[in-house]
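Examining the three-dimensional arrangement
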Amino acid sequence: SGQGGHAYLREWLWWAGLLCMGVGEAANFAAYAFAPATLVTPLGALSVLVSAVLSSTFLNEQLNVHGKIGCILSILGSTVMVIHAPQEQEVSSLESMAEKLKDPGFIAFAVCVLVSSLLLIFVAGPRYGQSNVLVYVLVCSAIGSLSVSCVKGLGIALKELFSGKPVLKEPLGWVLLVCLVICISIQINYLNKALDIFNTSVVTPVYYVLFTTAVMTCSTILFKEWQHMVLDNVVGSISGFLTIVSGIFLLHAFRDMPFTPSLLPLFL
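Only a predicted model underlies this, so the values are computations on that prediction, with no experimental measurement involved. (Residues numbered from 1 in each chain as written. Predicted model: local features only at pLDDT ≥ 70, side-chain atom pairs only at ≥ 80, totals over all residues. Heavy atoms only, no water.)

Turning our attention to the overall build of the chain. In terms of regular secondary structure, the chain is built from 11 helices and zero strands. Beginning at the N terminus, the succession of helices and strands in the chain can be written as α-α-α-α-α-α-α-α-α-α-α. Evaluated residue by residue, the chain yields a buried proportion of 43% over its 268 residues. In the chain, once contacts between residues fewer than 6 apart in sequence are set aside, the share between residues at least 24 apart is 83%. Total accessible area on the chain is roughly 14,600 Å²; 71% of this is exposed by carbon and sulfur atoms. (Helix = DSSP H or I, 4+ residues; strand = E, 2+ residues; numbered from the N terminus. Buried < 20%, exposed > 50% of the residue type's maximum accessible area, 1.4 Å probe, protein only. Contact = heavy atoms within 4.5 Å. Areas by Shrake-Rupley, 256 points an atom, 1.4 Å probe, with all protein chains shown as cover.)

Structure, rendered in structure tokens:
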């Protein structure tokens, strides 16, 4: 994958993993339809936490003291973010979603994302893709922010469809679906490249932080989620996010370091 190949498409285990991810993303899809993206995306850290615990239980991977502290911090940060979650502007129809997509701020953001992604793919990728983890991860993160916007729009379309409205005749829903498929395809391709070249313990935390930051920025511009928040909720949301980032960093950056409670007096 790191050299441009797609041999992993012939592996049944890869397809099984992709299917499991698809089920999880379907649940994520439903969450985006009913809650602000600024809340849903950071809570994705809990999947990293669950993966670490399951790896320790079933794959005999070592979860050291740093990892356990990271798990606790991720749970605390997620709780704080839920308590101080922002309220997005109500978008109840595809017409109102179309109006938001026409906002000059979002158009400028989308253009910047597309231009920077093209530069990373065709200019930075051939030169630095094999040596710098940020190149391919930035592509996934930037494109991922647009895919979340498409998911939000499709969630609104599905809610309208179930309420009996003729959504299938609306071109915006089909445009969002096509854009979502393209965005997800790009994300899968370049995330596989990054994972093939670099260690998972490096890619996972970097991707989480960059992807979450990009989604929160996109959601803030598109849905004005932070516009009417009081100061304590703003501080709480940012603090919760930084706590999750710290937990993810501890969970992955020191996962191979042999550190046990018996060594704590020595370190002190």
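On we go from here.
Residue L120 marks the point of greatest curvature in helix 6 (residues 104-128), where the axis turns by about 35°. Among the residues of helix 6, those classed as buried are F106, F109, A110, V113, S117, L120, I121, A124 and G125. With a side-chain oxygen positioned 3.0 Å from the backbone nitrogen of G105, the residue opening helix 6 is D103. (Bend = angle between axes of the 7 residues up to and from the residue. Polar contact = N/O pair within 3.5 Å; in protein donor to acceptor, adjacent residues only side chain to side chain.)

With that out of the way, let us pick up the UniProt feature "transmembrane region" (unreviewed entry) in the chain. As recorded in UniProt, the sites labelled "transmembrane region" (unreviewed entry) are residues 12-32, 39-59, 106-127, 133-151, 172-190, 202-222 and 234-254. As a span, residues 12-32 carries 100% helix and 0% strand, and end to end its C-alpha atoms are 30 Å apart. Split by type, residues 202-222 is 100% helix and 0% strand. Its first and last C-alpha atoms lie 30 Å apart. (UniProt positions renumbered as here; feature names shortened; annotations may be inferred.)

Let us look at the environment of C71. Locating C71 in the fold gives a position in helix 4 (residues 65-83). Along the sequence, C71 and G247 sit 176 residues apart, while their C-alpha atoms lie 6.1 Å from each other. With sequence-adjacent residues up to four places away left out, C71 is seen in contact with L49 and L251.

Let us now look at the environment of I107. Mapping I107 onto the fold places it in helix 6. Looking at I107, the relative accessible area reads 40%, which means it is partly exposed. Placed 115 residues apart in sequence, I107 and L222 show a C-alpha to C-alpha distance of 9.4 Å. Ignoring any residue separated from it by four or fewer positions in sequence, one finds I107 in contact with L101 and K102.

In this model, the second largest pocket occupies a volume close to 380 Å³. Contributing to the lining of the second largest pocket are 20 residues, with A110, L114, L146, C179 and C183 lying nearest its centre. Of all the elements in the fold, those that place two or more residues in the lining of the second largest pocket are helix 6, helix 7 (134-162) and helix 8 (171-197). Residue contributions to the lining of the second largest pocket peak at eight residues, all from helix 6. The class makeup of the residues in the lining of the second largest pocket is 18 nonpolar, two polar and no charged. (1 Å grid on protein atoms, 1.4 Å probe; cavity = no way out; pocket = protein on both sides within 12 Å on 5 of 7 lines; lining within 4 Å. Points joined across faces, edges and corners; volume = space filled by probe spheres on them. Nonpolar A, V, L, I, M, F, W, Y, C, P; charged D, E, K, R; others polar.)

Relative to each other, helix 5 (residues 94-101) and helix 7 sit at 160°, their axes nearing to 9 Å. Comparing their axes, helix 7 and helix 5 come out roughly antiparallel. For the pair helix 5 and helix 7, the crossing hand works out as left-handed. Residues L94, E95 and M97 of helix 5 form the contact with helix 7, whose participating residues are S149, G153, I156, A157 and E160. Looking at the contact of helix 5 with helix 7 residue by residue, the classes come out as four nonpolar, two polar and two charged. (Axes fitted to C-alpha atoms, helices over the stretch in contact; angles between N-to-C directions. Parallel < 35°, antiparallel > 145°, perpendicular 65-115°, else oblique. Left-handed = near helix turned anticlockwise from the far one by under 90°.)

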